[in-house]
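Structural characterization, general
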Amino acid sequence: MPRASKAAKSAKSKPSKFTPVPPQAPGRASRPRALATYRAKRDFSSTPEPAGTVKGKTSAGGYFCIQKHLASHLHYDFRLEHRGVLLSWAVPKGPSPDPKVKRLAMQVEDHPVDYGDFEGVIPAGYGAGIVVLWDRGAWAPLVDDVDAALAKGHLPFVVRGDKLKGRWDLIRTGIAGQCGWLLAKQRDAWSGGGDPTVEQPESVKSGRDFAEILAHERRDPWPDQPPVRGGETGKLMRDIMLRASALRSRATRSPAANRARGVRAAPATDR
Ligand code: MN
C-alpha cells in the first residue's frame, strides 16, 4: 500500500489531533522567542517536564531531537533549537528516510531547550502518557535566515542525529492553516530504504522502550484510567501497561525466585 497517500488521507480527515499555535512573527531574529503557551498548558507541580528557561543563544542551528510520545495519539515530536527555544512539530507517523514519503508535521508551541533531554512518564494533564527520547544530535539550516524561511514556508536543513542524518525539508502546506507542514528527506547518502521508527524503536538516552520506561515508575500512574482508551492507541497503551506491570513484578520477584532455584548472586569481586 502506498504509505504517502495513506498519510495524506489521515492528515486531511483528522487535522485537529493537536493544538496548533500560529508560528510567531518573523523578522525579530535578535530576540529570543517566548514559552508562554508551553507553560500555560502545564501544571509544573504535577508533571516531571521542565518549566524551562529561554536560552540566550541566537546563532543558526544547534540542538535537535525527536521525542516519541504516546499520549492521546502516538506521534513523534520533532524539535529544532532556534532563538533560545525548541521549534516543535508533531509528526504522527514519524520521519521517513524515503524522499518520496512526505510526513505530516503539525507545528505546535515552542518548547524550552531543557525539554530536549526529557524522557519519562507524564502522569496527568496535558500530554499525559509516555515520552521516549528517540533521537538527538545537532542541526544546521541550509539557508542564511531561518525566520525568513519559516515565514516563507520552506526550511531546508541538515541533521546529525544517532538515527537521522543528512538533508531534510520542512514545507508548509495548506493543511490546518499555518500549522500544517510536511517533513521530507532530501535525496543524499542517508536517504532510502528502511524505516527507523520500526527498526530502531528504542531510546537513544536509556535504550528503553515505552513499556520499560513505564515499568521504571514504582507503580502504575494510571491504575484505573489510562490516558488513552479507545481505538488502536488505546490497545497499544493497554499492551504497554500489561508489559510494564509484568516487568515490574518480575523485577520484584526475581531475587527470591533465584534463591528458590539455588542461584546465588554473583560475588562482588571487584572491590
Ligand atoms: Mn507530543
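About the criteria used
Residues numbered from 1 in each chain as written. Predicted model: local features only at pLDDT ≥ 70, side-chain atom pairs only at ≥ 80, totals over all residues. Helix = DSSP H or I, 4+ residues; strand = E, 2+ residues; numbered from the N terminus. Buried ≥ 20, exposed ≤ 12 C-beta atoms within 10 Å, placed from the backbone. Contact = placed C-beta atoms within 7 Å. Core = buried A, V, L, I, M, F, W, Y, C linked by C-beta atoms within 7 Å. Domains from an automatic or database assignment. Pairing = 2+ DSSP bridges. pLDDT = per-residue confidence, 0-100.

**Considerations on the overall build of the chain**
When its secondary structure is counted, the chain shows six helices and nine strands. The buried share of the chain, taken over its 271 residues, is 33%. In the chain, 65% of the contacts between residues at least 6 apart in sequence involve partners at least 24 apart.

**Here's the deal with the nonpolar core**
Residues Trp-89, Val-91, Ala-105, Ile-130, Leu-183 and Leu-214 are the most contacted members of the largest nonpolar core, which totals 54 residues. Both domains that furnish three or more residues to this core are identified here as domain 1 (3-205) and domain 2 (209-260). Those residues in contact with Leu-183, other than ones at most four positions away along the chain, are Phe-78, Trp-89, Val-91, Pro-95, Arg-103, Ala-105, Trp-168 and Leu-170.

**Quick notes on the environment of Ser-72**
Secondary-structure assignment places Ser-72 in the loop between strand 1 (62-70) and strand 2 (74-82). Spatially, the C-alpha atom of Ser-72 lies 9.2 Å from that of Gly-230, the residues being 158 residues apart in sequence. Setting aside chain neighbours within four positions, we find Ser-72 in contact with Pro-227 and Val-228.

**Describing the pairing of strand 6 (residues 129-141)**
Sheet topology places strand 1 next to strand 6; nine bridges connect them, and they run antiparallel. When the bridges of strand 6 are listed, Leu-70 appears paired with Ile-130. In this structure, strand 5 (residues 120-122) lies alongside strand 6, joined through three bridges in antiparallel fashion. Within strand 6, the residue paired with Gly-120 across the bridge is Val-131. Hairpin connection, strand 5 to strand 6: the antiparallel pair is bridged by six residues, and Gly-125 has positive phi, about 85°. Pairing of strand 6 with strand 7 (residues 154-161) involves five bridges; the strand directions are antiparallel. Bridge pairing in strand 7 links Ala-140 to Val-158.

**Observations regarding unusual backbone geometry**
Backbone geometry places Arg-83, a non-glycine residue, at a positive phi of 50°. Assignment of secondary structure puts Arg-83 in the loop between strand 2 and strand 3 (85-91). When the 24 C-beta atoms within 10 Å are taken as the criterion, Arg-83 is described as buried.

**Focus on the environment of Val-159**
With respect to the helices and strands, Val-159 occurs in strand 7. Sequence-wise, Val-159 and Gly-62 are 97 residues apart; in three dimensions their C-alpha atoms are separated by 9.6 Å. In this structure, Val-159 is in contact with Phe-64, Gly-137, Trp-139, Leu-164, Lys-165 and Trp-168, ignoring residues within four places of it in sequence.

**Digging into the confidence of the model for the chain**
Taken residue by residue, the chain gives an average pLDDT of 84. The fraction at 70 or more is 80%. Of the regions scoring below 50 in pLDDT, residues 1-18 engages in 18 contacts with residues more than four places distant in sequence or in other chains. The model gives residues 263-271 a pLDDT under 50, and that stretch makes one contact with residues more than four places away or in other chains.

**Observations regarding the pairing of strand 1**
In terms of burial, strand 1 is largely enclosed, as seven of its nine residues are buried. As paired strands, strand 1 and strand 2 are joined by seven bridges and run antiparallel to one another. Counted as the bridge partner of Phe-64 is Leu-80 from strand 2. In textbook terms, the turn of a hairpin is the stretch between consecutive antiparallel strands, and for strand 1 and strand 2 this stretch comprises three residues.

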